Amino acid sequence: MLILLAVFAYLCGRYILILTQISKTNMNATFMGTGTSLGVPIIGCDCATCTSDNPRDKRTRSSMHIETQGISIIIDTGPDFRTQCLANNVDRVDAVLITHPHRDHLAGLDDIRPFCYKQQGEIPVYASAMSCEAIRRDFAYCFQEPKYPGVPDISLREIKYMEPFQIGGISILPIPVMHGKMEIAAYRIGGFTYVTDANSISPQSMDAIRGTEYLVINSLSTRQHHSHFSLEEALEVVELIQPRTAWLTHVGHSLGRYNDTEPTLPKNVHLSYDGLRLELPL
């Protein structure tokens, strides 16, 4: 009888484990770009970082590619978007999330055209009211009627901060953070949160980020900046959020070379680099 009970308990345990593994969502997150508005190296700069021959010190403008549940999502389309897609073998885009309308995060939006052609349909672009206005202004030719043949087929969808929306069954929460005096969007997808270009986060937004297991946060420099977190400030946010792991992005040349900076970080914090691919259980 005891043997039968032991076998029954073992089988029940295995069944629960299998169900847990089936229900667990996996996410692939690729850092397409991890640099600032000037990129790294900066044109004309001869500092140690800009002249480094380490590929991890070559940073294009910040962008992220998220793949989960068969859905492909891009966060920000900067001026390097085309080459980033080629470098990272992105062959499908189901949606684009825009954090804010600065050119280093938006200028490459026209390059969703090949995806529109290949997928034979419109691509939804999610953005705040401010970013939607900038997209309609800067890419006006995409919205003029009658449409010129071949323009990007954009379905512009305005987000509301702190109101989750769905993309293919994936729930996404846009969280407001401050970029100087500009309110911009951070995005939370399950246990993953992406924060770029911030220099302050309100208590309400911190509450919305808490519980995040995997945090991406901007860290421009070792020095204070009027609209971006410094390294010290970014690490303070990590300490408050307490994620399992955090990665620093939107990195400037003055933060130092990868091989010099990475060893100095807390054990759960890493310096991201272009092409870094994460496989995250959420």
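Placed above this text is the structure.
On a predicted model such as this, the values are computed, not experimentally measured, just so you know.

J.: I'd love a proper account of the sheet that holds strand β11 (residues 214-218), names of residues and values included.
T.: The seven strands are arranged β7-β8-β9-β10-β11-β12-β13 in an open sheet whose pairing can be described as mixed. A single partner strand is all that each edge strand has here, and the edge strands are β7 (165-167) and β13 (269-271). Averaged over all neighbouring strand pairs, the angle between strand axes comes to 25°, with direction disregarded. One ladder, built from seven bridges, connects strand β8 (residues 170-179) with strand β9 (residues 182-189); its direction is antiparallel. Bridge pairing in β9 links I175 to A186. Strands β11, β12 (245-249) and β13 of the sheet are contacted by helix α7 (residues 231-241), whose axis makes an angle of about 155° with β11.

J.: Got a sec to walk through the pairing of strand β10 (residues 192-195)? Specific residues and values, please.
T.: On β10, burial covers both faces: F192 and Y194 on one face and T193 and V195 on the other are all buried. Where β9 meets β10, three bridges bridge the pair, whose relative direction is antiparallel. Bridging across to β10, R188 finds its partner in T193. Taking the residues between adjacent antiparallel strands as the criterion, β9 and β10 are bridged by two residues, where G190 takes a positive phi near 60°. Note that β10 and β11 share four bridges and pair parallel. Paired with V195 across the strands is I217, a residue of β11. Where the polypeptide runs from β10 across helix α6 (residues 203-209) and back to β11, its parallel neighbour, the crossover connection is right-handed.

J.: Go over α7, please, and point to the residues and values.
T.: Taken residue by residue, α7 has L231, E233, A234, V237, V238 and I241 as its buried positions. Projected down its long axis, α7 carries its buried residues within an arc of 165°, all on one side. Of the exposed residues in α7, those oriented more than 90 degrees away from the buried face are E232 and E239. Taken together, the buried residues of α7 touch α6, β11, β12 and β13. Two residues or fewer past α7, Q242 is found with a positive phi of approximately 60°.

J.: Explain the nonpolar core residue by residue, including any values.
T.: Counting residues in each nonpolar core, the largest one holds 56 residues, and the members touching the most others are I66, L97, I167, I172, F192 and I217. With six residues, the top contributor of residues to this core is β9. Among residues more than four places away in sequence, those in contact with I217 are V195, F229, A234, V237, V238, W247, L248 and T249.

J.: A description of the sheet that holds strand β2 (residues 63-68) should follow, citing residues and the corresponding values.
T.: Strand pairing in a sheet relies on backbone hydrogen bonds. The paired strands run either parallel or antiparallel. Pairing within the open sheet is mixed, and its seven strands lie in the order β6-β5-β4-β3-β2-β1-β14. Each end of this open sheet is capped by a strand with a single partner; those strands are β6 (154-158) and β14 (277-281). Neighbour to neighbour, the strand axes of the sheet diverge by 20° on average, direction disregarded. Of the pairings in the sheet, the one linking strand β4 (residues 95-97) to strand β5 (residues 123-127) comprises two bridges and is parallel in character. Pairing of L97 across the sheet is with Y126, part of β5. Running at roughly 155° to β6, helix α5 (residues 129-138) makes contact with β5 and β6 of the sheet.

J.: Could you give an account of the packing of aromatic side chains, naming the residues involved and the relevant values?
T.: Scanning the model with the defined rule gives five aromatic pairs in all. Taking the ring centre of Y273 as reference, the NZ or CZ of R56 above it sits at 4.0 Å.

J.: Can you tell me about the side chain of S62, naming the residues and giving the values?
T.: If you trace the backbone, S62 turns up in the loop between β1 (26-33) and β2. A distance of 2.8 Å separates the side chain of S62 from the backbone oxygen of G35, its partner in a polar contact. In this structure S62 touches G33, T34, G35, D76, D104, H105, Y194, T249 and H250, once residues within four positions along its chain are discounted.

The rules behind these values
- Throughout this description, residue numbers start from 1 for each chain and increase along the sequence as written.
- In keeping with the model being predicted, local features are shown solely for residues with a pLDDT of at least 70 and side-chain atom pairs are shown and tallied solely at 80 or more, while totals for entire chains, interfaces and linings include all residues.
- Hydrogens are left out, water is left out, and the side-chain values use all remaining heavy atoms of the structure.
- Strands were regarded as paired on the criterion that DSSP finds at least two bridges between them.
- Counting from the N terminus, the helices are the DSSP runs of H or I reaching at least four residues and the strands are the DSSP runs of E reaching at least two.
- To get an axis, a line is fitted to the C-alpha atoms, and for a helix only the part in contact is used. The angle between two axes follows their N-to-C directions and goes from 0 to 180 degrees.
- The contact criterion used throughout is that any non-hydrogen atoms of two residues lie within 4.5 Å.
- Each residue's exposure class comes from its accessible area (1.4 Å probe, protein chains only) as a fraction of the maximum for that residue type: buried when under 20%, exposed when over 50%, partly exposed otherwise.
- By the criterion used throughout, a crossover qualifies as right-handed when its path from the first strand across the helix to the second strand runs clockwise, the strands pointing away from the viewer.
- Taking the helix axis as origin, the arc is that swept by the directions to the C-beta atoms.
- The criterion is simple. A nonpolar core is a set of buried Ala, Val, Leu, Ile, Met, Phe, Trp, Tyr and Cys residues joined through side-chain atoms within 4.5 Å.
- Centres within 6.5 Å are what make two rings of Phe, Tyr or Trp a pair, Trp counting through its six-membered ring; a difference in plane orientation under 30 degrees is then read as stacked, over 60 as edge-to-face, and the rest as tilted.
- Working rule: Lys NZ or Arg CZ, within 6 Å of ring centre, within 35 degrees of ring normal, means a charge sits over the ring.
- Pairs of N or O atoms within 3.5 Å make up the polar contacts considered here, provided that, within protein, one atom can donate a hydrogen while the other can accept it, and that residues adjacent in sequence are counted only when both atoms are side-chain atoms.

Read these as spatial facts, not as claims about activity.
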